[in-house]
Amino acid sequence: MNKLICEMCGSNDLIKEDGCFVCQGCGTKYSVEEAKRMMVEGTVDVKGTVKVDNTAFVEKYLQNARRALDKEDWEEVEKYYNLVEQNSPNNMEAVFFSSFGKAMLSMTDSEYYKR
Ligand SMILES: [Zn+2]
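Residues numbered from 1 in each chain as written. Predicted model: local features only at pLDDT ≥ 70, side-chain atom pairs only at ≥ 80, totals over all residues. Heavy atoms only, no water.

Enquirer: Sorry if this is basic, but what is going on with the overall build of the protein chain here?
Expert: Within the protein chain, the secondary structure is distributed over four helices and three strands. Counting the 115 residues in the protein chain, one finds 27% classified as buried. Across the protein chain, contacts joining residues at least 24 apart in sequence account for 30% of those joining residues at least 6 apart. For the protein chain, the accessible area works out to roughly 8,500 Å², and carbon and sulfur atoms hold 52% of it. (Helix = DSSP H or I, 4+ residues; strand = E, 2+ residues; numbered from the N terminus. Buried < 20%, exposed > 50% of the residue type's maximum accessible area, 1.4 Å probe, protein only. Contact = heavy atoms within 4.5 Å. Areas by Shrake-Rupley, 256 points an atom, 1.4 Å probe, with all protein chains shown as cover.)

Shown next as structure tokens:
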């Protein structure tokens, strides 16, 4: 049987009282239904504090984006800076160059620049 983990404080010291479970760590009460749900979810992610660290991805996308920028490959510029922007919305470089790349792409796409 899986252990019950308190969603509020992470304690696994829950005791059944008056038809519901009471956390001995913080006093939070859980109904039997909630307790069941927690047990099911607990098998997937016991601690519930897994933080997605996408720093490495962002760094990789940024490198690709800058390389594309050097080559003036606007399609790639837009693509990679968009990816950076999605993963790191406060990255001003990505915010700027994703739209810059898009603008350049639409310009170079037209016959105007294709000589
Ligand atoms: Zn608790």
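On we go.
Enquirer: I tried to follow the coordination of the zinc ion on my own but got confused; where do I start?
Expert: Each pair of donors in an ideal four-coordinate tetrahedral metal site encloses 109.5 degrees, whereas pairs in an ideal six-coordinate octahedral site enclose 90 or 180 degrees. Around the zinc ion, the donor atoms from the protein are Cys 6 (SG), Cys 9 (SG), Cys 23 (SG) and Cys 26 (SG), and they sit 2.2 to 2.3 Å away. One can describe the site at the zinc ion as tetrahedral: its four donor atoms subtend angles covering 105 to 111 degrees at the metal. Here the donor residues for the zinc ion map to a single chain with the spacing C-x2-C-x13-C-x2-C. (Donors = N, O, S within 2.8 Å, 3.2 Å for Na, K, Ca; no water. Tetrahedral: all angles 85-135°; square planar, octahedral: opposite > 155°, others 65-115°.)

Enquirer: I'm lost on the packing of aromatic side chains in this one. Help?
Expert: Each aromatic ring pair is summarised here by two numbers: the centre-to-centre distance and the angle between the ring planes. Tallied over the full model, the rule gives seven aromatic pairs. Within the aromatic cluster, the residues linked to one another by ring pairs are Trp 74, Tyr 81, Phe 96, Phe 97 and Phe 100. (Phe/Tyr/Trp six-rings, centres within 6.5 Å; stacked < 30°, edge-to-face > 60°.)

Enquirer: Hey, could you run me through the pattern of salt bridges in this one?
Expert: Between side chains of opposite charge, a pair can form when the charged atoms approach closely. Within this structure, the stated rule accounts for three salt bridges. Close ionic contact of Lys 36 with Glu 33 constitutes a salt bridge, the shortest N to O distance being 3.7 Å. Here Lys 36 and its partner Glu 33 are both found in helix H1 (residues 32-42), three residues apart, which amounts to about one turn of the helix. Here Lys 36 falls in the partly exposed class, since its relative accessible area comes to 46%. You can call Glu 33 exposed: its relative accessible area is 54%. Where Glu 93 meets Arg 66, a salt bridge forms, and the shortest distance between an N and an O atom there is 2.9 Å. (Salt bridge = Lys/Arg side-chain N within 4 Å of Asp/Glu carboxyl O.)

Bear in mind that shape data such as this cannot, by itself, settle questions of function.
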